[in-house]
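# Architecture and fold: a report
Here is what each chain is made of, one letter per residue.
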Amino acid sequence: MRIAIVEPRSSGYQLVDRAAELGHEVVVLTAGRGERRVPDVHLAHAARVESVDTNDDAAVLARLRALHRRRPLAAVIPGFEHYVPLAAAAAAELGLPGLSPRTALALRHKHVMRSLVREYGLDQPAYALVSTQCELPAAIARLGLPCVIKPVDQSGSLNVHKARTEAEAVEAFRRIHGYGTGYLDRAGLPLVLVEEYVAGPEFSVEGYVEHGTVTVLGVTAKQLGPEPFFVETGHLFPAALDEDVRAGIERYTVRAVTALGLELGPFHAELRLSERGPLLMEVAARLPGDRIPDLLRLAVGADLYEITVRSHLGLPCAPAQPATGVGHAGIRFFLRPELDSYHRMVVDPGVSADPLVREVGALIAPGRPVPPQGSSSSRLGYAIAAGPDPRATTAALDAAELGVHFEQLTTDPRTEPAIMGRHVLILNRWNNRFAEYHRYLDHTVDRVSYLTTAAGAGPLSAELAEEIRVVADLADRVEVAAEALELSLKHGPFTHVLALSEFDLELGAELRELLKVPGKGVEEIRLVRDKVVMKAAVAAAGLRVPANRAVAAAEDVRAFGAEHGYPFVLKPRAGADSQGVYVLEDPAAVERALADTALTDFQCEEFIDGNLYQVDGVVSGGVLRTIRSWRCLGSCLDFAVGSPFGSVANDDPVFEARVVAFTEGVLAALQLTDEVFHLEVFRANGSDELVFLEIGARAGGGQVRFVWEEVYGLDLIEASVHVQLGIGRTYPTAEVGGEVAGYLMMPEPPVRPAVVHRVASLAAAIPELYTEALPPAGTVLDGNGGAVHTAGAFRFRADSSARVQAAIETAVKLYEIDWSPAAAAEVSGV
């Protein structure tokens, strides 16, 4: 569906990414300047970016009306707290689901919120609203000291101050009144709240409202920096609370949300636990910030991003099948008030190697000024940890706080050489979230340069990279080599060359040899790219491979058929994605294929009658760290020519043990010691023998990467980066048991190019289906999408392979798509 997101910031960035991942056509409205500039890595997920002054409500509404007239929008979603009222007004005008404008304004303005909670009769801190300094003494006299001074319409703890004396209160009041046009270039209201100071631990409650019913997903414990400020320096979800305390907090929050009239969507309520019980600080009708939605996904599997999208589309919010997580997750932010800038961030090896630490990153780039203390903008970096125990998770965050250092230059950078860590050259052709290498590799610790195409440049972070060089085609070896040499001369020698796409493995090897960089060279890469060489090595290790032969002429192909019989396979020696693959059933099929194919680097191969299995895993230091096999329902070739393709994780431990032993033999034969790999084998009918087909020294494609991350907790692209750079980490156990995952991809229509009018959602019909990615109406499918841009992708989880397979078969039966041949104008985008 086509959705508009207005000025995404903080969690709004990930909302753009997730909405696109769910298959929606995302239109981002942004000012594109200053603090209202969306990083390119997130804009890359948008189908359309509209530049508009998002602080001009009339201009935004006019733009949304025009977009809606051209092609209807299904939802308008705020990307940040300041734009909640605007999104609500737009949704109401366009007749779309959303908050009522009245409720949105009440939740945006803290004084109105306080008034509604008071009218409802719910206990909360005493407060007074003042607009002039002369009103301040009376408010302080009534509320007492210390008190809290805060603006009525800001966020991120900006200008929120604990005043211990009247003089401090006056100073805080003047700071708010003198702020002018500041954060996001927005002028605040000239109103100040004076509130009773509440002592006690602070919590937030995350949840959503659907048809007026409040659902609480859990309670988050907050860690705050030193007073008089209220800067949040950490969160732990779920909070480690006694059951009765937790239940009391949740009951209070439900009453507060009800008092404010929230009709739909996510909420983030903040409160303190006082001697009187829970007392409300504020409620926001939006996603929580500070990566809290990611903590929920890690800890309990709850996807607030998807809930937000579905609620604004008027769809059921609750997942068809409850998700699972590791138990607890937390984030810690790093404050360094003594610094006004820093040169580089250094992470101790013990932190990097801690299996509970999922992510460490910088929020302020090296060399940039550190804002004054007093708001969340002064936080330099963060660490995220997750594990089954809250104490261990907290201990990992404590260790990260001590083990992450922000170093300043102690010498003149003009006369001293720069401190050298890794200098990584990345070859990138992807234009999706897999190209967000900054998520896997801290660019403030390691220096990273890129060679990419124009399409692949979108997700890359120009702010963090040493340099991004765009070439017309990565297949142009001369241009790529020249650019790589120039980057090396300009920025210093490279220590690593990363090439994660199957199509760039040989290029990466050539550049390593050219630049004198350690790693796999051309001959080593031939073992995993040239299928004739590959099979010879595997056969030499005593493992079964199909009979095969390199062919250079038509008579070679005919001779192979005469010798080995029909059917047999003709395919490129170094192909991928089943491109250029033929299954030849008889001599007539041979002649048709020869008429269509120039036999350059081709091979013939015995046809194996059996069930295809895909095997994904990680080998590091020559040791198989994790592995899982998947039984294919169909084949990649069948999918390429128009049949559905599904895959189900194996849950038979006896067969899995056979796969593990076979895989270890293949890895040894091909000298694969530090790789993420994607292996394909046949389980032959009749003999039940395992027969090697091919292997890729890269992560699997299609939906493989998604189900590994969402169900088994391993990002295969991140693992590829880490294992090739020698970054130590732990991996999920390879034991069969627990949840079983699977996926289904539907092929493009038989006539292409085709324009999609509708694809029916199956989410409500199949309990095992946990997410789906459907092409939005208006999508043009041109036959070149491969396993990336399909006519629908569905991902499943259940307690057995049989249930997942049955769910996939049901999905194939229920699948519906309305389409028509695309006109030339639609193909060209006119």
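As the structure is a computational prediction, the values presented were derived from the model and not from experiment.

## A few points about the overall build of the protein
Within the protein, the secondary structure is distributed over 25 helices and 37 strands. Judged by the C-alpha coordinates and their principal axes, the protein covers about 100 × 65 × 55 Å. In the protein, which comprises 830 residues, the share counted as buried stands at 56%. Relative to all contacts within the protein whose residues are 6 or more apart in sequence, the contacts with residues 24 or more apart total 67%.

## Topic: the packing of aromatic side chains
Evaluated as defined, the whole model comprises 13 aromatic pairs. Here Trp630 and Tyr712 contribute two aromatic rings whose centre-to-centre distance is 6.0 Å and whose plane-to-plane angle is 70°, an arrangement assigned as edge-to-face. In this pair, Trp630 sits in strand S28 (residues 623–633) while Tyr712 sits in helix H22 (residues 704–712), placing the two residues 82 residues apart along the sequence. Here the two residues Trp630 and Tyr712 agree in accessibility, since each one is buried. Each ring, one from Phe645 and one from Tyr743, has its centre 6.2 Å from the other, and the planes form 50°; the classification is tilted. Highlighted residues: Phe645 in strand S29 (residues 645–649) and Tyr743 in strand S32 (residues 740–745), separated in sequence by 98 residues. Given a relative accessible area of 1%, Phe645 falls into the buried group. Just above the ring of Phe80 sits the side chain of Arg9; from NZ or CZ to the centre is 5.9 Å. Over the ring of Tyr770 we find Arg797; its NZ or CZ atom is 4.9 Å from the centre of that ring.

## What about the pairing of strand S14 (residues 328–334)?
For S14, a buried count of seven out of seven residues is recorded, marking the element as mostly surrounded by other parts of the structure. Of the two faces of S14, the one lined by His328, Gly330, Arg332 and Phe334 and the one lined by Ala329, Ile331 and Phe333 are each fully buried. Of the pairings in the sheet, the one linking strand S11 (residues 232–237) to S14 comprises four bridges and is antiparallel in character. Paired with Leu236 across the strands is Gly330, a residue of S14.

## What about the sheet that holds strand S1 (residues 2–6)?
What the four strands build is an open sheet, ordered S3-S2-S1-S4; its pairing is parallel. Edge positions in the sheet fall to strand S3 (48–51) and strand S4 (75–78), since each has one partner strand and no second. When strand polarity is set aside, the average angle formed by the axes of neighbouring strands in this sheet is 20°. Two elements, S1 and S4, share four bridges in a ladder whose sense is parallel. Paired with Ile3 across the two strands is Ala75, which belongs to S4. The sheet contacts of helix H1 (residues 11–21) involve S1, strand S2 (25–30) and S4, and relative to S2 the element is tilted by about 160°.

## Regarding the packing of helix H4 (residues 84–94) against helix H5 (residues 101–108)
Where H4 contacts H5, the two axes come as close as 8 Å, and the packing angle between them is 180°. Taken as axis vectors, H4 and H5 run roughly antiparallel relative to one another. Here Val84, Pro85, Ala88, Ala89 and Ala92 of H4 lie close against H5, whose contacting residues are Pro101, Ala104, Leu105 and Arg108. Across the contact of H4 with H5, the residue classes break down as eight nonpolar, no polar and one charged.

## Digging into unusual backbone geometry
Both trends apply: most residues other than glycine have a negative phi, and most peptide bonds are in trans. The omega angle of the peptide bond from Glu227 to Pro228 is 20°, so this bond is cis rather than trans. Following the sequence through the fold, Pro228 ends up in the loop between strand S10 (213–224) and S11. Here the residue pair Arg752 and Pro753 is connected by a cis peptide bond, since its omega of 5° sits within 30 degrees of zero. Tracing the sequence through the fold places Pro753 in the loop between S32 and strand S33 (754–759). If you check the backbone angles, Arg291 has positive phi at about 65° while not being a glycine. Tracing the chain through its elements places Arg291 in the loop between strand S13 (277–284) and helix H10 (292–300). Of note, the phi angle at Gln671 is positive, near 60°, even though the residue is not glycine. Look at Gln671 and you get partly exposed, because its relative accessible area is 46%.

## Quick word on the side chain of Ser647
Mapped onto the elements of the fold, Ser647 is located in strand S29. Its relative accessible area of 0% is what places Ser647 among the buried residues. Once you skip the residues sitting within four places of it in the chain, Ser647 turns out to touch Gln614, Trp630, Arg631, Cys632, Leu633, Ala741, Gly742, Tyr743 and Ile808.

## Examining the sheet that holds strand S22 (residues 496–499)
Backbone hydrogen bonds hold the strands of a sheet together, and the pairing may be parallel or antiparallel. Read across the open sheet, the four strands follow the order S21-S20-S19-S22; overall the sheet is parallel. The two strands at the open ends of the sheet, each matched to only one other strand, are strand S21 (467–470) and S22. Pairs of neighbouring strands in the sheet enclose a mean axial angle of 20°, with direction left out of account. Note: strand S20 (residues 447–452) against S21, four bridges, orientation parallel. Pairing of Tyr450 across the sheet is with Ile468, part of S21. Those strands touched by helix H14 (residues 477–491) are strand S19 (423–428), S20 and S21, and its axis lies near 160° from that of S20. Against the sheet, helix H23 (residues 716–725) engages S19 and S22, with an angle of about 155° to S22.

## Some thoughts on the nonpolar core
Soluble, globular proteins show a tendency: their nonpolar side chains are buried together. If you look at the biggest cluster of nonpolar residues, it comprises 66 residues, and the most contacted ones within it are Tyr437, Phe794 and Phe796. Counting residues in hydrophobic clusters, the runner-up holds 34 residues, among them Ile5, Leu15, Val38 and Ala299.

## Looking at the confidence of the model for the protein
The pLDDT averaged across the protein works out to 90; a share of 94% of its residues lies at or above 70. The element-level mean pLDDT for the protein is lowest in helix H25 (residues 824–828), coming to 47, with S4 highest at 98. Scored below 50 in pLDDT, residues 411–420 makes five contacts in the model with residues more than four places away or belonging to other chains.

## Here's the deal with the pattern of salt bridges
Taken as a whole and judged by the stated rule, the model has 68 salt bridges. The closest approach of N and O atoms between Glu436 and Arg439, which form a salt bridge, is 2.8 Å. Looking at Glu436, the relative accessible area reads 3%, which means it is buried. For Arg447, the salt bridge identified is with Glu466, shortest N-O distance 3.3 Å. Taken together, the positions of Arg447 in strand S20 and Glu466 in the loop between S20 and S21 put the pair 19 residues apart, joining distant regions of the chain.

Rules and cut-offs
- Residues numbered from 1 in each chain as written.
- Predicted model: local features only at pLDDT ≥ 70, side-chain atom pairs only at ≥ 80, totals over all residues.
- Heavy atoms only, no water.
- Helix = DSSP H or I, 4+ residues; strand = E, 2+ residues; numbered from the N terminus.
- Buried < 20%, exposed > 50% of the residue type's maximum accessible area, 1.4 Å probe, protein only.
- Contact = heavy atoms within 4.5 Å.
- Phe/Tyr/Trp six-rings, centres within 6.5 Å; stacked < 30°, edge-to-face > 60°.
- Lys NZ or Arg CZ within 6 Å of the ring centre and 35° of its normal.
- Pairing = 2+ DSSP bridges.
- Axes fitted to C-alpha atoms, helices over the stretch in contact; angles between N-to-C directions.
- Parallel < 35°, antiparallel > 145°, perpendicular 65-115°, else oblique.
- Nonpolar A, V, L, I, M, F, W, Y, C, P; charged D, E, K, R; others polar.
- Core = buried A, V, L, I, M, F, W, Y, C linked by side-chain atoms within 4.5 Å.
- pLDDT = per-residue confidence, 0-100.
- Salt bridge = Lys/Arg side-chain N within 4 Å of Asp/Glu carboxyl O.

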